[in-house]
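Listed here are the chains, written in short residue letters.
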Amino acid sequence: MTMKTLFDVSGKVAVVSGGSSGIGAMMARGLLENGVKVYITARKEEQLMAKAEELFEFGECIAIASDLSRVEGIEALVTAISEREEKIDILINNAGANWSAPIEDFPEKGWDKVMDINIKSIFFATQKFLPLLKAAGTADDPARVINIASINGIRNSGMPTYAYTASKSGVINLTEHLATDLARYNINVNAIAPGFFPSNMTKQIVENDDMTKMAISQIPRGRMGAPEDIAGTALYLCSRASSWMIGQALVLDGGMISRP
């Protein structure tokens, strides 16, 4: 290993949940362009297959549809990948959901949907992929689990997205807990807490010029996140450069939550 190869991830195998759109697709492309074989998964099969076909231009991208809100769905995904791979070097738990409603009207079904996808799926996907992750990790080159949190798990967004806030806060704390337990298996667990990126969750803002300007005015860097930003951070967390980083949540928001 030399300093020139600190960020080399070529030849690795990755699984990216929620890989059919948004930052999941951005991270998948970044890995593909750097020589990683990537499995993307999401619930909507047609959209997933279309994204895989698009991403195949950049490397070997394989789509497997799954419902990660259910343990049975996670187990089916792990079985399908186990039939193709003996090990998984990288697991990116990115699949997410949101629900917005006034506190007086916030429904149980909205709460459960968000919690099932945003936090329960992370724990059980990590649990079920453990054998494949253990098979990949070594002391010098650990396997990697990256959980996608949010700056809204760190501070109050001011929006009535109660389950989202609670779930993303949980992601950050679960990441720390899993990291200390899995390090002995040569598996590094870290998180990314993104700010304002174009995605399905932010499309109402992105598609409205006034709302976009207002959102960007709160970001010291003066712009929304770009694909290179999230892909670069993921590459760092997947490479030798971050082998000694464990249990951390990297805030990726252009300075939004640091402003006075």
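So, a few notes on the structure that sits alongside this text. (Residues numbered from 1 in each chain as written. Predicted model: local features only at pLDDT ≥ 70, side-chain atom pairs only at ≥ 80, totals over all residues. Heavy atoms only, no water.)

**A short note on the overall build of the protein chain**
Helix and strand counts for the protein chain come out as 8 helices and 7 strands. Relative to the compact-globule value of 18 Å for 260 residues, the protein chain shows a C-alpha radius of gyration of 18 Å, a close match. The dimensions of the protein chain, computed from C-alpha atoms along their principal axes, are 50 × 40 × 35 Å. Buried positions account for 48% of the 260 residues belonging to the protein chain. Across the protein chain, contacts joining residues at least 24 apart in sequence account for 71% of those joining residues at least 6 apart. As displayed, the protein chain offers around 12700 Å² of accessible surface, 52% of which is attributable to carbon and sulfur atoms. Charge-centre separation for the protein chain: the mean point of 25 positive side chains lies 3 Å from the mean point of 30 negative side chains. (Helix = DSSP H or I, 4+ residues; strand = E, 2+ residues; numbered from the N terminus. Rg over C-alpha atoms; globule rule 2.2 N^0.38 Å. Buried < 20%, exposed > 50% of the residue type's maximum accessible area, 1.4 Å probe, protein only. Contact = heavy atoms within 4.5 Å. Areas by Shrake-Rupley, 256 points an atom, 1.4 Å probe, with all protein chains shown as cover. Lys, Arg positive; Asp, Glu negative; His and termini not counted. Charge placed at Lys NZ, Arg CZ, Asp CG, Glu CD.)

**Examining the sheet that holds strand S5 (residues 143–148)**
Reading across the sheet, the 7 strands line up as S3-S2-S1-S4-S5-S6-S7 and stay open at both edges, with parallel pairing between neighbours. Each having just a single partner strand, strand S3 (61–63) and strand S7 (249–252) make up the two edges of the open sheet. Taken pair by pair, the neighbouring strands of this sheet meet at an average axis angle of 20 degrees, ignoring direction. Relative to strand S2 (residues 37–41), strand S1 (residues 13–17) is paired through 5 bridges, and the arrangement is parallel. When the sheet's bridge partners are listed, Val 15 is paired in S2 with Tyr 39. (Pairing = 2+ DSSP bridges. Axes fitted to C-alpha atoms, helices over the stretch in contact; angles between N-to-C directions.)

**Topic: helix H4 (residues 108–136)**
Look at H4: 39 Å from first C-alpha to last across 29 residues, which is about the 42 Å you get at 1.5 Å a residue. Of all bends in H4, the biggest is about 60 degrees, found at Leu 130, and the proline Pro 131 comes one to four residues later. (Expected span 1.5 Å × (residues − 1). Bend = angle between axes of the 7 residues up to and from the residue.)

**Some points on unusual backbone geometry**
The residue Asn 186 is not glycine, and still its phi comes out positive at about 60 degrees. Inspection of the secondary structure puts Asn 186 in the loop between helix H5 (162–182) and strand S6 (187–194). Classification of Asn 186 by relative accessible area gives partly exposed; the value is 26%.

**Examining the nonpolar core**
Burial of nonpolar side chains together is a common tendency in soluble globular proteins. In this structure, Val 15, Ile 81, Ile 88, Phe 129, Leu 133, Ile 187 and Val 189 are the most contacted members of the largest nonpolar core, which totals 36 residues. With 10 residues, H4 is the largest single contributor of residues to this core. In this structure Ile 88 touches Val 13, Val 15, Ile 81, Phe 129, Leu 132, Leu 133, Ala 136 and Ala 143, once residues within four positions along its chain are discounted. Membership of the second largest hydrophobic core comes to 31 residues, among which are Met 27, Leu 32, Phe 197 and Leu 252. (Core = buried A, V, L, I, M, F, W, Y, C linked by side-chain atoms within 4.5 Å.)

**Focus: the side chain of Ser 121**
Looking at the secondary structure, you find Ser 121 in helix H4. A residue is classified by how much of its surface remains accessible, and Ser 121, at 6% relative accessible area, is buried. If we skip the residues at most four places from it in the chain, Ser 121 touches Leu 68, Ile 74 and Asp 116.

**Topic: the pattern of salt bridges**
Following the criterion strictly, the structure yields 11 salt bridges and no others. The shortest N-O distance in the salt bridge between Lys 51 and Glu 54 comes to 3.3 Å. Taken together, the residues span about one helical turn, with Lys 51 and Glu 54 both in helix H2 (residues 45–55) at a distance of 3 residues. Taking the relative accessible area as the measure of exposure, Glu 54 reaches 45% and is therefore partly exposed. As a salt-bridge pair, Glu 72 and Arg 70 come within 4.0 Å of each other at their nearest N and O atoms. (Salt bridge = Lys/Arg side-chain N within 4 Å of Asp/Glu carboxyl O.)

**Focus on the environment of Asp 253**
Counting through the fold element by element, Asp 253 comes out in the segment after S7. Given the relative accessible area of 9%, Asp 253 is considered buried. Beyond its immediate sequence surroundings of up to four residues, Asp 253 is in contact with Ile 151, Gly 195 and Ile 219. A polar contact is formed between the side chain of Asp 253 and the backbone nitrogen of Gly 255, at a distance of 2.9 Å. A polar side-chain atom of Asp 253 sits 2.8 Å from the main-chain amide nitrogen of Ile 257. (Polar contact = N/O pair within 3.5 Å; in protein donor to acceptor, adjacent residues only side chain to side chain.)

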